[in-house]
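Residues per chain are reported as follows:
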Amino acid sequence: MSTPVVTSKWAGSFDCDFCKRKRLVGSAFSNKALDKYRKNGNPLKCKQCVAELEAKERAVAAAKKTNSNQDKEGSDETKLCTCASCKKSLSSSHYNRNQLAKGEGKSRCRSCVEKAIANEAKQTKDAKEAKIENAKERVRLAEQKGNFAELVKAEAELSALEAEIVTGLKPKI
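Residues numbered from 1 in each chain as written. Predicted model: local features only at pLDDT ≥ 70, side-chain atom pairs only at ≥ 80, totals over all residues. Heavy atoms only, no water.

Asks: Help me understand the side chain of Ser-93 in this model?
Replies: Here Ser-93 lies in the loop between β2 (89–91) and α3 (97–102). Among the polar contacts made by the side chain of Ser-93, one reaches the side chain of Ser-91 at a distance of 3.0 Å. (Helix = DSSP H or I, 4+ residues; strand = E, 2+ residues; numbered from the N terminus. Polar contact = N/O pair within 3.5 Å; in protein donor to acceptor, adjacent residues only side chain to side chain.)

Put into structure tokens, the structure is as follows:
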């Protein structure tokens with residue numbers, strides 16, 4: 001007797017409830033969102049929708065800040081802070097609250113923070129791609145040697161890394 005197949009747990013059956021894209025892989029969502037979805041069935045929002053929403057919120061906040069600064073005649077605008085990354089002296093409107101709370105010499109401007117986040121995401125993606133390439137190379141070497149045990153081990157490692165991209169779940173080793 002076989003157990004019934006539960007298609008809702010398949011890797012490509014994730015749907016974004018906001019942009020309505022269907023059959024997305026797990027890496028299109030944050031791990032926290034996938035965990036909440038698996039536990040409670042919460043609606044899923046893909047990383048692309050989250051980024052678009054954040055950009056809209058930043059634009060609205062900037063417009064609101066501009067309007068309020070015009071009314072106040074620039075009380076906070078005159079305060080200059082030096083960015084720890086780019087070393088530019090910028091007005092406090094170029095920093096978010098968390099960065100300003102760090103103090104002079106440690107705070108980074110919004111553009112530097114966004115660049116750092118983008119670089120971190122790129123490095124993570126490149127590292128995953130490098131791991132997969134290394135695993136493919138180990139599979140190729142195991143095939144050349146003809147050692148069946150090494151080949152199975154290398155193939156299993158490669159499939160676990162590829163499954164991590166599709167499902168968003170890290171393999172247990």
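We are not done yet, so read on.
Asks: Explanation requested: the nonpolar core in the structure shown.
Replies: Grouped burial of nonpolar side chains is what soluble globular proteins tend to show. Judged by nonpolar contacts, Phe-14, Cys-16, Leu-24, Ala-28, Phe-29, Ala-33, Leu-34, Leu-44, Cys-46 and Cys-49 together constitute the single largest core of ten residues. Dropping the residues within four chain positions of it, Cys-16 is found in contact with Arg-21, Leu-24, Phe-29, Leu-44, Lys-45, Cys-46 and Cys-49. (Core = buried A, V, L, I, M, F, W, Y, C linked by side-chain atoms within 4.5 Å. Buried < 20%, exposed > 50% of the residue type's maximum accessible area, 1.4 Å probe, protein only. Contact = heavy atoms within 4.5 Å.)

Asks: Could you clarify how one ought to interpret unusual backbone geometry in this entry?
Replies: Trans is the common state for peptide bonds, and a negative phi is the common state for residues other than glycine. For Lys-20, which is not glycine, the phi dihedral falls at a positive 65°. Locating Lys-20 in the fold gives a position in the segment before α1 (31–40). Judged by relative accessible area, Lys-20 falls into the exposed class, the value being 55%. Notably, Lys-87 is not glycine yet its phi reads approximately 65°, a positive angle. Relative to the elements of secondary structure, Lys-87 occurs in the loop between β1 (80–82) and β2.

Asks: Hey, could you run me through the pattern of salt bridges in this one?
Replies: All chains considered together, the criterion is met by five salt bridges. Between Asp-126 and Lys-122 there is a salt bridge, with the nearest N and O atoms lying 3.0 Å from each other. On the criterion of helical spacing, the pair formed by Asp-126 and Lys-122 is a turn pair, its members being four residues apart in helix α4 (residues 110–145). A relative accessible area of 34% places Asp-126 in the partly exposed class. (Salt bridge = Lys/Arg side-chain N within 4 Å of Asp/Glu carboxyl O.)

Asks: What exactly am I supposed to notice about the packing of aromatic side chains here?
Replies: Pairs of aromatic rings are described using the distance from one ring centre to the other and the angle between the two planes. Using the criterion set out here, one finds two aromatic pairs in the structure. Both rings, one in Phe-14 and one in Phe-29, keep their centres 6.0 Å apart while their planes meet at 65°; by these two values the pair is edge-to-face. Taken together, the residues Phe-14 in the segment before α1 and Phe-29 in the segment before α1 connect sequence positions 15 residues apart. Of the two residues, Phe-14 and Phe-29, neither departs from the other in class, the shared state being buried. Look at Phe-14 and Tyr-37: their rings are 6.0 Å apart centre to centre, the planes differ by 75°, and that puts the pair in the edge-to-face class. Remark: Tyr-37 occurs in helix α1 and Phe-14 occurs in the segment before α1; sequence separation between them is 23 residues. Overall, the relative accessible area of 4% leaves Phe-14 in the buried class. (Phe/Tyr/Trp six-rings, centres within 6.5 Å; stacked < 30°, edge-to-face > 60°.)

Asks: Would you explain the state of the cysteines in this entry?
Replies: Note on terminology: disulfide describes a covalent bond linking the sulfur atoms of two cysteines. Considering all chains together, one arrives at zero disulfides under this definition. We note that Cys-46 lacks a disulfide partner, and the nearest cysteine sulfur, in Cys-49, lies 3.4 Å from it. Of all cysteine sulfurs, the one in Cys-109 lies closest to Cys-112, which takes part in no disulfide; the gap is 3.4 Å. (Disulfide = S-S within 2.5 Å.)

Asks: Even after reading the chapter, I still don't get the packing of α4 against helix α5 (residues 148–167), so can you show me in this structure?
Replies: Two measures define how a pair of helices packs: the angle their axes make with one another and the distance between the axes. Running from N to C, α4 and α5 point in directions that differ by 160°, and their axes come no closer than 8 Å. Considering the angle they form, α4 stands roughly antiparallel to α5. As α4 runs across α5, the sense of the crossing is left-handed. In this structure, α4 contributes Lys-128, Lys-131, Ile-132, Ala-135, Lys-136, Arg-138, Val-139, Ala-142, Glu-143 and Lys-145 to the contact, and α5 contributes Glu-150, Leu-151, Ala-154, Glu-155, Glu-157, Leu-158, Leu-161, Glu-162, Glu-164 and Ile-165. (Axes fitted to C-alpha atoms, helices over the stretch in contact; angles between N-to-C directions. Parallel < 35°, antiparallel > 145°, perpendicular 65-115°, else oblique. Left-handed = near helix turned anticlockwise from the far one by under 90°.)

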